Amino acid sequence: MYKINSVLKKNKLYRNNGYFFGIIAAMLLLFSSCSTTRYVGDGDYLLNKVKIEVDNKEVDREELKTFLRQRANTRILGFFRFHLWLYNISSKKKEGGWLKRTGESPQIFNESLAVQSRDQLTQYLFNKGFYNAVVTYEANTFEAGRKINLRYNINTGEVFRIGNISYRIPFSPLDSLLIKEYEPVYLKRANRFDLDRLDYERDNLVNFFRNRGYYYFTKPMIFFEADTLDRGNVANLITGIELPGDNKQDSARIFRPYSINHYTWSVFGDASPLEGSMSLIPDTIRLPGNTFLYRGDMSYNLKLFTRLNRMEQSKLFEIGKTEETFTALNRLRQFRFINIYFQPVHPDSALLNCIIDMAQLPRQSVSFDIEGTNTSGNLGVAGNINYSHRNLLRGAETLQMKLKGAMERQQTIVSNESFDFNTREIGLESNLILPRLLGPATLFRSFGNVLPKSLFSAGFNYQRRPDYTRTISSVKFGYEWMTSENKRNILNLLDFNMVNLSRFNPDFLNSIYDLYIKSSFTDHLIMATNYSLIYNTQELRTRSSYYYLRFFTESAGNLLNLASNLIDTEKVFESDTTGLRPQEYYKFLNTRYAQYVKADIEIRRGLMIDRFNSVVGRIYVGVGLPYGNFDVLPFEKKYFTGGANGIRAWQVRSLGPGTYQAPPRSYPNQSGDIKIEGNLEYRFRLIRYLESALFIDAGNIWAINEKDNRPGAQFYFGSFYKQLALGTGTGFRFDFDYFIFRLDLGLKLRDPAQSENNGWIPGYRKLNGNDFNLSFAIGYPF
């Protein structure tokens, strides 16, 4: 009987979900209805695939592909040549039609390009030390001789390695300096004989000498000679320096270490005096070792420039210090352009004069803008009035002020206003950025040679939501600094927020069945210290693979708690609504303050496959632990998931915690103290402004506090992985240059709150509307 019921259930499932297979079959029929060789002429071959076979794992296959002169048409989803399909469905009568411009013409196999590719692959392998490499190719036709597969076979042979290393330098002080102080990076015995790495070594050698005063030392002067006649696959190397010609004056200049004599700073609002008319004689201020040129009033404190100058007067010229000075000046965001160059005092002198040319940006500006907003998947519109002053106190201080008004559509069940702009916000924000560190000098030295910034901000927001009204007052003070081009640090010594809630909708409070969660919606104060480390290799407006890492940690309430204990502040006692134990706590500014520690980490990896395809993955883990004065995380510090930027098969805040399932028509505000989430998204471009994606999301949130009495909400190491939700889906992205509008349709695969079939949905029961979630958003999810 059991077997019969199972078969009947399975057949019913196929009938219920059969229309999905019908849609997929219809799409495949549509895409395959046009021949891929429609525009391939007689006697020509469509290049179907290009493959590289190499017998050595030490060789980078992806780098080899960059030397191919001809590739097959681009595929999306790994098999479908969408852009070729667009081209093929175009009319043969229209040469410049839209489909032809948008699509991709068929790649016709070209024998001469195949030969060029073979030769370039061979040359690449030679450059990498594989002097015995052999590259061949074979072309195989199929489908009645209309298509061709091209395969390159590479036998690298034995690699040559660096043997003995010697130097040939005609100037003994340079020879002595090189032997005593230079530490090679790639030029080491037994390393692979790689011409690209040797070229990097030349760059290192140039920087080595130019950081020791040799201003006129250049890369073309360095050469390598390799002797491969020794036994075995060994290349003995000679590193030499060759002078550019026989001019003795040039030789003396090249081998002379230079010191810096004087600095000339030109600070102008338009063009520098060297670019503009010399008829307008600039005003001059002279300080020891420095001359400042300007017109009208000097708007900057001169100490700003001498403080940012990393180059030392009367010391040897260093190219690294010059670059640090440029970076420090550029980070001020005060100048349209910055140019640093050097001139010898006179031809026979070993002294250089340094000229720093700068053109100022406007000091003050006012702008108005309208922007789309996306808060946890809720779309809205905001208008801002922005005021900026770039040099408030004559030290390149930047003042930014914003008056903001916003409306947002917040999804809520209890108010039945899900499609109205039912949230209103008005606020004032101000930020003051100082290009220096306010604090002990010893702390300043710990930041190294970067330009740290001191940040002050204050704000007030009034938010009227359908279910409650709140005001948020905030004050923040901290530092921001860069430790490398891609690494940014933010340390907020004080992050103060006071949240006051009022005008609760009774239906909203009644919809929150859990008293523990209700206790989060109370007036509270947060005085925290937090630190963020952001490492990001992604470059805007470029299509290249990247890494992104963000680590955040925060501690709140400890100083207030220490002060309360030291001055013996009277505690407030009240009954605990959960019935576990009475509550006793301190207040500051007549408001209960939160006490917790919190940390989270987010890692992203973007892989650009080609110009049409990319894969982006993300992992997020966060934990918050409340204790002491307020044993509940404030609601704005809790974790949630779902929605346009989380697990997209669920509405925002409707998933979890754990296996907990909220009562029907309850307020969608599921939050917790722990969050684990992983996302994988495959993106592929369709036509000019339209991109599509396939994604899969997994994760959940959990409670860590024993007072949370929601069934199944608690986190346990031995079973949390069994409570992971799983969703998949597809979406479209409309790229309008200034912003990206995103539409995602998610499907639930596994719901941990569903006890039947271990939570699995497709293949086990009929799909319904609750298994899908359509979300709108602005920008990519991650």
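It should be emphasised that the depicted structure is a prediction, and the values quoted were computed from it without experimental measurement. (Residues numbered from 1 in each chain as written. Predicted model: local features only at pLDDT ≥ 70, side-chain atom pairs only at ≥ 80, totals over all residues. Heavy atoms only, no water.)

We now examine the nonpolar core. Residues Phe209, Phe217, Phe305, Leu329, Phe342 and Met358 are the most contacted members of the largest nonpolar core, which totals 47 residues. For this core, the elements supplying multiple residues, two or more each, are α6 (172-181), α7 (195-210), β7 (259-268), β9 (290-294), α9 (303-308), α10 (319-330), β10 (335-344) and β11 (351-360). Dropping the residues within four chain positions of it, Leu329 is found in contact with Trp265, Phe305, Leu308, Phe335, Ile338, Ile356 and Met358. The next biggest cluster of nonpolar side chains, apart from the first, holds 19 residues, and it includes Leu64, Leu68, Phe109 and Ile154. (Core = buried A, V, L, I, M, F, W, Y, C linked by side-chain atoms within 4.5 Å. Buried < 20%, exposed > 50% of the residue type's maximum accessible area, 1.4 Å probe, protein only. Helix = DSSP H or I, 4+ residues; strand = E, 2+ residues; numbered from the N terminus. Contact = heavy atoms within 4.5 Å.)

Let us now look at the environment of Phe268. The residue Phe268 is located in strand β7 in this model. Among the residues examined, Phe268 registers a relative accessible area of 2% and is labelled buried. Phe268 sits 27 residues away from Arg295 along the chain, and the two C-alpha atoms are 6.7 Å apart.

Here we take up the pattern of salt bridges. For the structure shown, the criterion picks out 37 salt bridges. With its nearest N and O atoms 3.1 Å apart, the salt bridge here joins Arg151 to Glu138. Highlighted residues: Arg151 in strand β3 (residues 147-155) and Glu138 in strand β2 (residues 134-142), separated in sequence by 13 residues. Taking relative accessible area as the criterion, Arg151 reaches 32% and is therefore assigned partly exposed. Here Glu554 ties to Lys637 by a salt bridge, and the two come within 3.3 Å at their closest N and O atoms. In this pair, Glu554 sits in strand β20 (residues 546-556) while Lys637 sits in the loop between β26 (613-626) and β27 (674-687), placing the two residues 83 residues apart along the sequence. Relative accessible area serves as the criterion here: at 3%, Glu554 is assigned to the buried category. Given a relative accessible area of 16%, Lys637 falls into the buried group. Sharing partners across several salt bridges, the network here consists of Arg550, Asp600, Glu602, Arg604, Arg618, Lys675 and Glu677. (Salt bridge = Lys/Arg side-chain N within 4 Å of Asp/Glu carboxyl O.)

What follows is about the packing of aromatic side chains. All told, the structure shown has 36 aromatic pairs when counted by the stated rule. An angle of 55° between the planes, with centres 6.2 Å apart, marks the rings of Phe80 and Trp85 as tilted. A relative accessible area of 12% means that Trp85 is categorised as buried. Between Phe317 and Phe342, the ring centres sit 5.1 Å apart and the planes meet at 80°, which makes this aromatic pair edge-to-face. (Phe/Tyr/Trp six-rings, centres within 6.5 Å; stacked < 30°, edge-to-face > 60°.)

Ordered in space as β1-β3-β2, the three strands form an open sheet in which the pairing is mixed. Where the open sheet ends on each side, the last strands, each with one partner, are β1 (46-54) and β2. The mean angle between the axes of side-by-side strands here comes to 15°, regardless of whether they run parallel or antiparallel. Pairing geometry for β2 and β3, over nine bridges, is antiparallel. Bridge pairing in β3 links Tyr137 to Tyr152. Contacts between helix α5 (residues 111-127) and the sheet are confined to β2 and β3, with β2 contributing the most and set at about 150° to the helix. (Pairing = 2+ DSSP bridges. Axes fitted to C-alpha atoms, helices over the stretch in contact; angles between N-to-C directions.)

Spatially, five strands are ordered β8-β9-β7-β11-β10 in an open sheet, and the strand pairing comes out mixed. The open sheet has two free edges, formed respectively by β8 (283-287) and β10, since each of these has just one partner strand. Across the sheet, the mean angle separating the axes of adjacent strands is 15° when strand polarity is ignored. As paired elements, β7 and β11 share nine bridges and run parallel to each other. In the strand pairing of β11, Val267 is matched with Met358. On the sheet, α10 packs against β7, β10 and β11 and is oriented at approximately 160° with respect to β10.

Of all residues in the protein chain, 85% have pLDDT values of 70 or greater, and the mean over the chain is 84. In this model, residues 271-279 is a region of pLDDT below 50 whose contacts with residues beyond four sequence positions or in other chains number 13 contacts. Taken as a whole, residues 413-419 scores under 50 in pLDDT and shows 17 contacts with residues more than four places along the chain or in a different chain. (pLDDT = per-residue confidence, 0-100.)

For the rest of this paragraph, the subject is unusual backbone geometry. Omega for the peptide link from Gly656 to Pro657 comes to -5°, which places this bond in the cis form. Residue position: Pro657 is located in the loop between β26 and β27. A positive phi angle, near 60°, is found at Leu77, a position not held by glycine. For Leu77, the position within the fold is in the loop between α2 (61-65) and α3 (82-88). Since its relative accessible area comes to 36%, Leu77 is described here as partly exposed. The backbone of Ala190 sits at a positive phi, close to 80°, despite the residue not being glycine. Locating Ala190 in the fold gives a position in the loop between α6 and α7.

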